[in-house]
Amino acid sequence: WFYTTYDGMAQRAGNDVLCVLVVGFHHQKGSQVEYSYPPMQGSVCPSWKYLPYLAIPDGAHRTQFGYVYFTLPEDKETADMLQDRKLFAVGCYRQLATQDLVFRDKEQTRATVLKSVVVVSRKPCFGFIKAKLFLVTEVYFAQKDFTETQLLEEFYDNMNDSLRASQGFKPYYYSVGEIYKVEVL
């Protein structure tokens, strides 16, 4: 389930990255949010119910890895924090052979495990997030143990520190190799 009430939301109100998620594909239940940092509590947010399906697109099992970019509508919990009335997400999905896992869940009956690491941000820093997300996802999968999540917590903190340090570039959003100017109407 995907929850929208964040533990300690008030302390994180100034962060550009709201959360880092892991979405996994379950062969009987479909795509599901398996992990979130910061932890989420509360009721399911109807406006974000499709996030797991956006994070792992159809046909993702045909490639070794890939990226997805999407927006999420505001919900009651985040409406006061959002100026643009939407959130931006970047996901990096990968596969790993089930036999290579250090810790194998008994429900993992397929030959491969498919997961997506997703960053939900207030700003459309797609290229900046993508560059860092690729490396983090690669290391997360190289651990071969998806219960080890300290890397994702450190990634969340690092992303927010990096974006906070670059506040002087407010009219520009990062992309790999280029800077795009966002026009405000």
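Residues numbered from 1 in each chain as written. Predicted model: local features only at pLDDT ≥ 70, side-chain atom pairs only at ≥ 80, totals over all residues. Heavy atoms only, no water.

**Let's talk about the sheet that holds strand β3 (residues 30-37)**
Link 1 in the chain: With respect to topology, five strands assemble into an open sheet ordered β3-β2-β7-β6-β5, the strand pairing being antiparallel. Either end of the sheet is taken by a strand with one partner, and the two such strands are β3 and β5 (65-73). Pairs of neighbouring strands in the sheet enclose a mean axial angle of 25 degrees, with direction left out of account.
Link 2 in the chain: With nine bridges joining them, β5 and strand β6 (residues 86-97) adopt antiparallel strand pairing. The residue of β6 that forms the bridge with Tyr69 is Val90.
Link 3 in the chain: Sheet strands in contact with helix α2 (residues 126-142) are β2 (17-26), β5, β6 and β7 (112-121), and its direction is about 30 degrees off that of β6.
Link 4 in the chain: Contacts between helix α3 (residues 150-165) and the sheet are confined to β2, β3 and β7, with β2 contributing the most and set at about 145 degrees to the helix. (Pairing = 2+ DSSP bridges. Helix = DSSP H or I, 4+ residues; strand = E, 2+ residues; numbered from the N terminus. Axes fitted to C-alpha atoms, helices over the stretch in contact; angles between N-to-C directions. Contact = heavy atoms within 4.5 Å.)

**A look at the pairing of β7**
Link 1 in the chain: The element β7 is extensively covered by neighbouring structure, given that nine of its 10 residues are classed as buried.
Link 2 in the chain: Where β2 meets β7, seven bridges bridge the pair, whose relative direction is antiparallel. The residue of β7 that forms the bridge with Cys19 is Val120.
Link 3 in the chain: Taken together, the 10 bridges between β6 and β7 define a ladder with antiparallel strand orientation. Pairing of Gly91 across the sheet is with Val118, part of β7. (Buried < 20%, exposed > 50% of the residue type's maximum accessible area, 1.4 Å probe, protein only.)

**Let's talk about the nonpolar core**
Link 1 in the chain: Counting residues in each nonpolar core, the largest one holds 25 residues, and the members touching the most others are Leu133 and Leu152.
Link 2 in the chain: Mapped onto this core, the elements with two or more residues apiece are β2, β3, β6, β7, α2 and α3.
Link 3 in the chain: Among the elements that make up this core, the one with the highest residue count is α2 (six residues).
Link 4 in the chain: Core analysis: the next-biggest nonpolar cluster, separate from the first, contains 20 residues, Val33, Leu51, Ala55 and Leu87 among them. (Core = buried A, V, L, I, M, F, W, Y, C linked by side-chain atoms within 4.5 Å.)

**Structural notes on the side chain of Asn160**
Link 1 in the chain: By the element assignment, Asn160 lies in helix α3.
Link 2 in the chain: A polar contact is formed between the side chain of Asn160 and the backbone nitrogen of Val17, at a distance of 2.8 Å.
Link 3 in the chain: In contact with Asn160, other than residues within four places in its own chain, are Asn15, Asp16 and Val17. (Polar contact = N/O pair within 3.5 Å; in protein donor to acceptor, adjacent residues only side chain to side chain.)

**Remarks on the side chain of Ser116**
Link 1 in the chain: Note that Ser116 resides in strand β7.
Link 2 in the chain: The exposure class of Ser116 is buried, given its relative accessible area of 0%.
Link 3 in the chain: What Ser116 contacts, discounting residues up to four positions off in sequence, is Leu21, Val22, Val23, Ala55, Ile56, Gly91, Cys92 and Tyr93.

**Concerning the pattern of salt bridges**
Link 1 in the chain: Under the criterion given, the structure shown has three salt bridges.
Link 2 in the chain: Notably, a salt bridge pairs Asp16 with Lys123, separated by 3.7 Å at the nearest N-O pair. Taken together, the positions of Asp16 in the loop between β1 (3-6) and β2 and Lys123 in the loop between β7 and α2 put the pair 107 residues apart, joining distant regions of the chain.
Link 3 in the chain: Close ionic contact of Glu34 with Lys115 constitutes a salt bridge, the shortest N to O distance being 2.4 Å. Of the two residues, Glu34 sits in strand β3 while Lys115 sits in strand β7, which places them 81 residues apart along the sequence.
Link 4 in the chain: Under the relative-accessibility criterion, Glu34 is labelled partly exposed at 43%.
Link 5 in the chain: The class for Lys115 is buried, based on a relative accessible area of 4%. (Salt bridge = Lys/Arg side-chain N within 4 Å of Asp/Glu carboxyl O.)

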